[in-house]
Amino acid sequence: MSDCKINPTEINMVDLKRRSFLKTSLGVVAVAIAPGMLLFDVAHGKSEPASGKVRWGMLIDTNQCKDGCNDCVGACNKENGLSDKTGATDPQWIRKIELKDSSSGRALSLPMMCQHCEHPPCVDVCPTTASFKRADGIVLVDKHRCIGCRYCMMACPYKARSFVHEPLHDQNPDVPRGKGTVESCTLCVHRVDQGQRPACAEACPNKAILFGDLNDANSEIAMKIRSVASAQVRADLQLNPGIRYQGL
Amino acid sequence: MKLLASLLLCLCIPAVWAAGADMPKIDIGKGGQCVKDPQWMRKNHMRLLKHQRDETVRNGVRDEKSSLKNCIECHASIKDDSVIARDDSFCVACHRYEAVKVDCFECHSGERKSAWLQRNAK
């Protein structure tokens, strides 16, 4: 019977060995996993949705917008992969418009694009809910749902939307576009979501396009709208566009 | 009985070999596993992509983990930076084998973003 007795010191040795083995293996596992978890944390993009507290908008100073300058249009076309053509079937997201008051002779030049209305008629008429307004006020076309019926193009009082008539190739990976769908200015949503300004605002040599959050009382755009006279185009339609014009 | 077994074996080996020969040869690019194991992804990648696309387009959630752009980043061929350029490209090889039309790339770019940016820098 005495043979079966276990030496207490032996137990301790085994326990110690096991403990140190567990410790080292835990350490090794931690070292192996940690960089992966850190990398994963760094690598995933923006996981929170667009905020309803924000309302993105623009203030366009027509006094600064130069007649004949087309830089915003060029920047938009380059960013979003549009051709520079202006034919009847070529998509255009921004157009430069020249206005002249016939009685006074005062001439104006301004960029015209999707006005990102608070109550967008294009969203009202869309039969597939492809046209929609994002929580932060950006009006977009969900091309996964768009059937190309073009009701929204007829509903838009600003003629801001275009239909893609031709097959496209070599699109910007950030801006998917394709034949058979309607599209318009996205306020460069892919840039805005990364904290950048829209391409047109960045490209304007005269700083005529001011982009920002209309709801943030301390933002540059909100302060300027409070201090200078600005107008919405076709304000009588009560669509409350997010794009405002100064000196109109 | 022995004869029957050996006969069966003789019949099975070429069958297995032939099945293996028919499998698509896929250029998996850099490859690697960041979402789920390959077998799960083969069955379910379309569900992930469909869920993610609505989250991104409609709600502005730009989580990269299951975004199409992030898939392309690793699975585009090292040779031509694309998942659709050749018959053995990552998306094309399987979809052709399974005879399932892939619509994504009528609008989406099948090219790795870094390569596209480099090409369009000028």
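Keep in mind the model is a prediction, meaning the values are calculated, not measured.

Draft legend 1. How the structure looks around the overall build of chain B. Broken down by element type, chain B carries five helices and zero strands. When its helices and strands are written in sequence order, chain B yields α-α-α-α-α. Residues classed as buried in chain B amount to 25% of the 122 residues present. For chain B, long-range pairs separated by at least 24 residues make up 58% of all intrachain contacts whose partners lie at least 6 apart in sequence.

Draft legend 2. Representation of the environment of valine 83 of chain B within the structure. When you line up the elements, valine 83 of chain B lands in the loop between helix H3 (68-75) and helix H4 (90-98). On a C-alpha basis, the gap between valine 83 of chain B and alanine 121 of chain B in space is 21 Å, while along the polypeptide they are 38 residues apart.

Draft legend 3. How the structure looks around helix H2 (residues 71-80) of chain A. Residue and element names in this part refer to chain A. All of the buried residues along H2 are Cys72, Val73, Cys76, Asn77, Glu79 and Asn80. Looking straight down H2, one finds its buried side chains confined to an arc of 165°; they lie on one side. Packing partners of the buried residues in H2 comprise strand S2 (95-100), strand S3 (107-112), helix H6 (199-203) and strand S8 (209-213). Looking one or two residues past H2, glycine 81 carries a phi angle of roughly 75°, positive in sign.

Draft legend 4. Looking closely at the sheet that holds S8 of chain A. Residues and elements named next belong to chain A. The mixed open sheet is built from four strands, whose spatial order is S8-S1-S10-S9. Each having just a single partner strand, S8 and strand S9 (230-231) make up the two edges of the open sheet. As paired elements, strand S1 (residues 56-61) and strand S10 (residues 243-246) share four bridges and run parallel to each other. Directly across from methionine 58, in S10, lies its bridge partner isoleucine 243. Across the sheet, helix H7 (residues 220-227) touches S1, S8, S9 and S10, and the angle it forms with S8 is around 110°.

Draft legend 5. Local environment of the environment of phenylalanine 132 of chain A. Along the polypeptide, phenylalanine 132 of chain A turns up in strand S4 (residues 131-133). Judged by the 17 C-beta atoms lying within 10 Å of it, phenylalanine 132 of chain A falls in the partly exposed class. A C-alpha to C-alpha distance of 8.4 Å links phenylalanine 132 of chain A and proline 120 of chain A, two positions 12 residues apart in sequence. In this structure phenylalanine 132 of chain A touches Val123, Leu140 and Asp142 of chain A together with Arg58 of chain B, once residues within four positions along its chain are discounted.

Draft legend 6. A look at the confidence of the model for chain B. Considering every residue of chain B, the mean pLDDT works out to 87; 84% of them sit at 70 or more. Note on the complex model: pTM 0.80, ipTM 0.80.

Draft legend 7. Representation of the nonpolar core within the structure. If you look at the biggest cluster of nonpolar residues, it comprises 42 residues, and the most contacted ones within it are Met58, Ile60, Ile94 and Ile209 of chain A. With four residues, the top contributor of residues to this core is S1 of chain A. Sequence-distant contacts of isoleucine 94 of chain A, defined by excluding residues within four places in its chain, comprise Cys72, Val73, Cys76, Pro111, Met112, Met113, Cys185 and Cys200 of chain A. The next biggest cluster of nonpolar side chains, apart from the first, holds 11 residues, and it includes Leu68, Ile72, Phe90 and Phe105 of chain B.

Draft legend 8. View of unusual backbone geometry. All names here are of chain A. Phi at arginine 150 takes a positive value of approximately 70°, unusual for a residue other than glycine. For arginine 150, the location among the structural elements is in the loop between strand S5 (139-141) and helix H4 (151-155). For arginine 150, a count of 14 C-beta atoms within 10 Å puts it in the partly exposed group.

Draft legend 9. Quick look at the pairing of S3 of chain A. All names here are of chain A. Bridge analysis of S2 against S3 gives six bridges, and the strand direction is antiparallel. Paired with lysine 96 across the strands is proline 111, a residue of S3. The loop that links S2 with its antiparallel partner S3 comprises six residues; one of these, glycine 105, has a positive phi angle of about 85°.

Draft legend 10. Spatial organisation of H4 of chain B. Residue and element names in this part refer to chain B. Within H4, the full set of buried residues consists of Phe90, Cys91 and Val92. Residues of H4 that are buried in the fold lie against H3. Alanine 99 lies just past H4 and shows a positive phi near 55°.

So, how was this worked out
- Residues numbered from 1 in each chain as written.
- Chains lettered and ligands numbered in written order.
- Predicted model: local features only at pLDDT ≥ 70, side-chain atom pairs only at ≥ 80, totals over all residues.
- Helix = DSSP H or I, 4+ residues; strand = E, 2+ residues; numbered from the N terminus.
- Buried ≥ 20, exposed ≤ 12 C-beta atoms within 10 Å, placed from the backbone.
- Contact = placed C-beta atoms within 7 Å.
- Arc of directions from axis to C-beta.
- Pairing = 2+ DSSP bridges.
- Axes fitted to C-alpha atoms, helices over the stretch in contact; angles between N-to-C directions.
- pLDDT = per-residue confidence, 0-100.
- Core = buried A, V, L, I, M, F, W, Y, C linked by C-beta atoms within 7 Å.

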